[in-house]
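Residues per chain are reported as follows:
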Amino acid sequence: MFDLNGKTALVTGASGGIGGAIARALHGQGAVVGLSGTRTGPLEALAADLGERAHVLPCDLSDKDAVEALPKAAIAAMGRLDILVNNAGITRDGLLMRMADADWQDVLDINLTAQMRLCRGVLRGMMKARWGRIVNISSIVGTRGNPGQCNYAAAKAGLVGLSKSLAAEVASRGITVNCVAPGFITTAMTDKLNDDQKAALLTSVPMGRMGQAEEIAAAVVYLASAEAAYVTGETVHVNGGMAML
Amino acid sequence: MSDIADRVKKIVVEHLGVEEDKVSENASFIDDLGADSLDTVELVMAFEEEFGIEIPDDAAETIQTFGDAVKFITDAA
């Protein structure tokens, strides 16, 4: 089950905690992985750790031309592209009343528009192959909202709408488009929270703990697999029960 | 029939799974040959590859019939 031998996958934000775990998991199932991100240091380190079947493909998602070039670079490096995981994202938190246009726009550009461009860029090859998997990493915040994250929540909710619409467009060509929506996951970002903050967060999580990046990666592996061929336009929530949707 | 027309017809027949004699000059991909909007995108992609040309989106929209395709490609090639 979930064998990805012979498949190639592009993972954005692979220098981060969740993206790195996703790349490791796909690689562990046999896929060739393209590791994208802005920080080449962590990408090189991950590639070295994975050994064979790993390619470093740096890309600044705020640069339109670089985004357009990324699918081509991935195909040049790996020969083809079967799986796209749009994981990269940024936050520019603040109350809407005080939010600068730039903070809104940067988050929408990098967390939604870049994903759209990457989806568009990978479709041609997938349509020809009559097989493709796109997994967009949304967030519980996109469904539930979160004060201080109007921009981030809008982008993450936008990804769900994008995924559903695209799923309907390309389903007949064997391409699925789904989202994974993480809840509270242990990453460098959440490590900054103090114990009181974490305890407060966890009161809303029936599982009583933060999630691990590997638990997000497992959902991505499933959606990327041949076995998930009949699942499309769906959002898989991985949040320890904090929102049962 | 020109070589270009033959090659275009072959792509259309293969892609849409229609009889060759249905692919006449004025046959509309969508109305007569059963293509959906995604099929027309794929046909344009196939034409681009077969003939090594770029068909911009605004031009692609004008290619509605077999004859349109042959004419566009003849002019572009």
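Residues numbered from 1 in each chain as written. Chains lettered and ligands numbered in written order. Predicted model: local features only at pLDDT ≥ 70, side-chain atom pairs only at ≥ 80, totals over all residues. Heavy atoms only, no water.

Named according to an unreviewed UniProt entry, chain B is Acyl carrier protein originating from Rhodovulum imhoffii. Recorded under Subcellular location (unreviewed entry), the UniProt text for chain B is reproduced unchanged: "Cytoplasm". Taken directly from UniProt, the Function (unreviewed entry) text for chain B runs: "Carrier of the growing fatty acid chain in fatty acid biosynthesis." (UniProt positions renumbered as here; feature names shortened; annotations may be inferred.)

Under the annotation held in an unreviewed UniProt entry, chain A carries the name 3-oxoacyl-[acyl-carrier-protein] reductase and is attributed to Rhodovulum imhoffii. Of the comments in the UniProt record for chain A, the one headed Function (unreviewed entry) reads "Catalyzes the NADPH-dependent reduction of beta-ketoacyl-ACP substrates to beta-hydroxyacyl-ACP products, the first reductive step in the elongation cycle of fatty acid biosynthesis." Regarding chain A, the relevant UniProt record gives this comment under Subunit (unreviewed entry): "Homotetramer."

A. Spatial organisation of the interface of chain A and chain B. Taken residue by residue, the interface counts eight residues in chain A and eight residues in chain B. Overall, the association of chain A and chain B removes approximately 690 Å² of surface from exposure, summing both partners, and the carbon and sulfur fraction of that is 46%. Three residues stand out in chain A for area buried against chain B, namely Arg124(A), Met127(A) and Arg173(A), and they jointly supply 68% of the buried area on that side. A salt bridge links Arg173(A) to Glu42(B), with the nearest nitrogen and oxygen atoms 2.8 Å apart. Across the chain A-chain B interface, the total number found is five residue pairs in polar contact (both at pLDDT 80 or more). For the side of chain A that touches chain B, the elements supplying multiple residues, two or more each, are helix 4 (101-129) and helix 6 (150-170) of chain A. Residue contributions to the side of chain A that touches chain B peak at three residues, all from helix 4 of chain A. For the side of chain A that touches chain B, the class distribution of residues is two nonpolar, one polar and five charged. (Contact = heavy atoms within 4.5 Å. Buried area = accessible area lost by both parts, 1.4 Å probe. Salt bridge = Lys/Arg side-chain N within 4 Å of Asp/Glu carboxyl O. Polar contact = N/O pair within 3.5 Å; in protein donor to acceptor, adjacent residues only side chain to side chain. Helix = DSSP H or I, 4+ residues; strand = E, 2+ residues; numbered from the N terminus. Nonpolar A, V, L, I, M, F, W, Y, C, P; charged D, E, K, R; others polar.)

B. Quick look at the confidence of the model for chain B. Taken over all residues, the pLDDT of chain B has a mean of 92, while the share at 70 or more is 99%. We note a pTM of 0.92 for the whole complex and an ipTM of 0.80 for its interfaces. (pLDDT = per-residue confidence, 0-100.)

C. Inspection of the pattern of salt bridges at higher detail. The final tally for this structure, using the stated rule, is 15 salt bridges over all chains. Overlapping salt bridges bring together Arg130(A), Arg173(A), Asp36(B), Asp39(B) and Glu42(B) as one network.

D. Up close: the environment of Glu19(B). Residues and elements named next belong to chain B. For Glu 19, the location among the structural elements is in the loop between helix 1 (3-16) and helix 2 (37-51). For Glu 19, a relative accessible area of 55% gives the class exposed. For the pair Glu 19 and Ala 46, spaced 27 residues apart in sequence, the C-alpha to C-alpha distance is 19 Å. (Buried < 20%, exposed > 50% of the residue type's maximum accessible area, 1.4 Å probe, protein only.)

E. Up close: a negative patch on the surface. Residue and element names in this part refer to chain B. A contiguous patch of negative charge, built from Asp 6, Glu 19, Glu 20 and Asp 21, is present on the exposed surface. Mapped onto the elements, Asp 6 comes out in helix 1. Residue classification places Asp 6 among the partly exposed positions, given a relative accessible area of 40%. (Patch = residues over 30% accessible without salt bridge, like charges linked within 9 Å, V, L, I, M, F, W, Y side chains within 5 Å. Areas by Shrake-Rupley, 256 points an atom, 1.4 Å probe, with all protein chains shown as cover. Lys, Arg positive; Asp, Glu negative; His and termini not counted. Charge placed at Lys NZ, Arg CZ, Asp CG, Glu CD.)

F. Representation of the nonpolar core. Residue and element names in this part refer to chain A. One finds Leu 10, Leu 61, Leu 84, Ile 134 and Leu 166 to be the most contacted residues of the largest nonpolar core, which totals 40 residues. In terms of residue count, helix 4 provides more of this core than any other element does, 11 residues in total. Counting residues in hydrophobic clusters, the runner-up holds 33 residues, among them Ala 23, Leu 26, Ala 54 and Ile 83. (Core = buried A, V, L, I, M, F, W, Y, C linked by side-chain atoms within 4.5 Å.)

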